[in-house]
There are 2 protein chains.
Amino acid sequence: MLDYSLLAAIAAVVREGSFERAARALHLSPSAVSQRVKLLEERLGQVLVVRGSPCVATEAGRHLCRHVEQVGMLEQDLVGAMPALAPDGLGRVTLRLAVNADSLATWFLPAASAFADSEAALLDLSIEDQAHTAERLRSGEVLAAVTDLAEPVQGCRSLPLGAMRYLATASPAFVKRYFPAGVTAEALSLAPCLRFSQQDRLQARWVEQQLGQALTLPTHGLPSSQAFVDATVAGLGWGMNPASSVAQALAEGRLQPLLPQAPLMLPLYWQYTRQQLPMLERLTQAVLAAARDGLEALD
Amino acid sequence: MLDYSLLAAIAAVVREGSFERAARALHLSPSAVSQRVKLLEERLGQVLVVRGSPCVATEAGRHLCRHVEQVGMLEQDLVGAMPALAPDGLGRVTLRLAVNADSLATWFLPAASAFADSEAALLDLSIEDQAHTAERLRSGEVLAAVTDLAEPVQGCRSLPLGAMRYLATASPAFVKRYFPAGVTAEALSLAPCLRFSQQDRLQARWVEQQLGQALTLPTHGLPSSQAFVDATVAGLGWGMNPASSVAQALAEGRLQPLLPQAPLMLPLYWQYTRQQLPMLERLTQAVLAAARDGLEALD
């Protein structure tokens, strides 16, 4: 068997981002944590944690962290069936997931709270553009992800969740100022649009879909789903927002669609590691249930 | 004078994260962009952009990008006064700012839209924990930041903005389940709390403030201000939320304070580069006005 006191030290340093915080979480001294990490690095002959602010795992370190999470999930299930194994209970296992920001802002949270309510698990969510959550899965940083990638990442299973309906919206004053003659290529090249991140291609894709050509769009960068909606209402720019996030503002006339009947449908998938982990299967069931309520059926 | 066609190429690659997207934004071919970047790197004898997905600036590259933004701001003001200099107008300048997530979710957006409304400028916001926005300023990635650091970063001016009032809240069901006998050290070491990121010390600080001792708190990681509020309401954990973000949920009984009359006040500062840049001064005025409306006076 592997020495899990060493592996737990690595996992805590990566989860907490520093040796000091990891030591606090493990009720050890920082030098004890440091010794354990060094010992494992010497045995393996490679660096597992890049010391910095924050400390981050190397590729080898990420594999070990993922293994610790997987073993933690199996232990929880075993002790659930055989409580005498650990009469004082186990520490909770932390599961790292990558979720795209708009899913977290709309349909994902009921899944997280339903799952956490009944399991001895903590969730550590990282937020990415939907095009980049799969990257986190591939690199081994997370066990599961909500992604726009249908094709399974190596070692993972991919389940369709449904589609997110996006609408191009702006404030009435913004439409009046920038689109007096409608949504033309000229108007779009002057009207600032919002984008979540460098990877966010939704605005560009919608423009291509509507106009049949790619345009250079002047963009404000705003990496927050809620701020994206708020900034659209405030007139900072136009942007692609989830239909459910802007339904009220549209009904109240604080926002209007740039074009009627021109949604962009984004299919989403749940990808998770193929190992047989009952706890992860239960999380998967909670995610599928929440997606059925919050996303539209895929054709 | 420096060759600004080369400098503009570097800035676009870093802003867009790839040579292809930079080429599209500059209406050049990717190989032309690549040649310009290489030429500048050869002249300087150092790497300016780390090629990857995304491409990121090296320290030297960041200095050049910041210079391009500063010159862009000065150009906008000059052409505003002497329109004949550029009869077709200039491209808009992009200003990169770092803002802590809770400021963006509460008081900051009116400043951004008031400023963008009247200036030929685009904003590229990055979101960090308040303890880390200053890091972005120090590394030269942004021109200005909302931070909890009072002491000026080298080369920057620091202005007090006011204080954000945070309340420790949870759902009534969560309080009933985890705090039946009140907010004790034992209850806190079992009740999951939320934290925005590894750097988020607000929950730990509040516990130290109330109990006079540091505790190891089981934590869910949730890097989104809106999801933080939603997850508190959904009962995933307790967390420190801005008072203004939870006022309605508290009034409606969907949340309750863990302890009455026990806020945590977080002073915030606006730090920005000391160069004389009139456009940045105008942004500063908009930020100060929004902070007067949205934050509480510092003692």
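Above: the structure in question.
Read on for a plain summary of the structure. Remember, it's a predicted structure, so these values are computed and weren't measured experimentally. (Residues numbered from 1 in each chain as written. Chains lettered and ligands numbered in written order. Predicted model: local features only at pLDDT ≥ 70, side-chain atom pairs only at ≥ 80, totals over all residues. Heavy atoms only, no water.)

So, on to the relation of the copies chain B and chain A. Aligned on chain A, chain B shows an RMSD of 0.0 Å; the corresponding rotation is 180° and the shift along the axis is 0.0 Å. This pairing of chains is accounted for by a two-fold axis. Considering only C-alpha atoms, the part of chain B nearest the rotation axis is Gln226 of chain B, at 3.2 Å. Of the residues that chain B buries at the interface, 98% are likewise interface residues in chain A, meaning the two copies contact each other through the same surface. (Least-squares fit on C-alpha atoms with pLDDT ≥ 70 in both. Contact = heavy atoms within 4.5 Å.)

Residues and elements named next belong to chain A. The linkage connecting Ser53 with the following residue, Pro54, adopts the cis geometry, with an omega of 5°. Following the sequence through the fold, Pro54 ends up in the loop between β1 (49–50) and β2 (56–57). Even without glycine at this site, His27 takes up a positive phi of about 55°. Inspection of the secondary structure puts His27 in the loop between α2 (19–26) and α3 (30–44). Among the residues examined, His27 registers a relative accessible area of 65% and is labelled exposed. (Helix = DSSP H or I, 4+ residues; strand = E, 2+ residues; numbered from the N terminus. Buried < 20%, exposed > 50% of the residue type's maximum accessible area, 1.4 Å probe, protein only.)

Turning next to empty space enclosed by the protein. Using the criterion set out here, one finds three cavities of 30 Å³ or more in the structure. Approximately 120 Å³ is the volume attributed to the largest cavity. Asp102, Gln130, Phe196, Asp200 and Leu202 of chain B are, among the 16 residues lining the largest cavity, the residues nearest its centre. For the lining of the largest cavity, the secondary structure elements donating two or more residues are α5 (101–106), α10 (202–211), α11 (225–234) and β9 (239–242) of chain B. Class assignment of the residues belonging to the lining of the largest cavity gives a composition of seven nonpolar, five polar and four charged. Empty space within the second largest cavity amounts to approximately 100 Å³. Lining the second largest cavity are 14 residues, with Asp102, Tyr166, Phe196, Asp200 and Leu202 of chain A positioned closest to its centre. (1 Å grid on protein atoms, 1.4 Å probe; cavity = no way out; pocket = protein on both sides within 12 Å on 5 of 7 lines; lining within 4 Å. Points joined across faces, edges and corners; volume = space filled by probe spheres on them. Nonpolar A, V, L, I, M, F, W, Y, C, P; charged D, E, K, R; others polar.)

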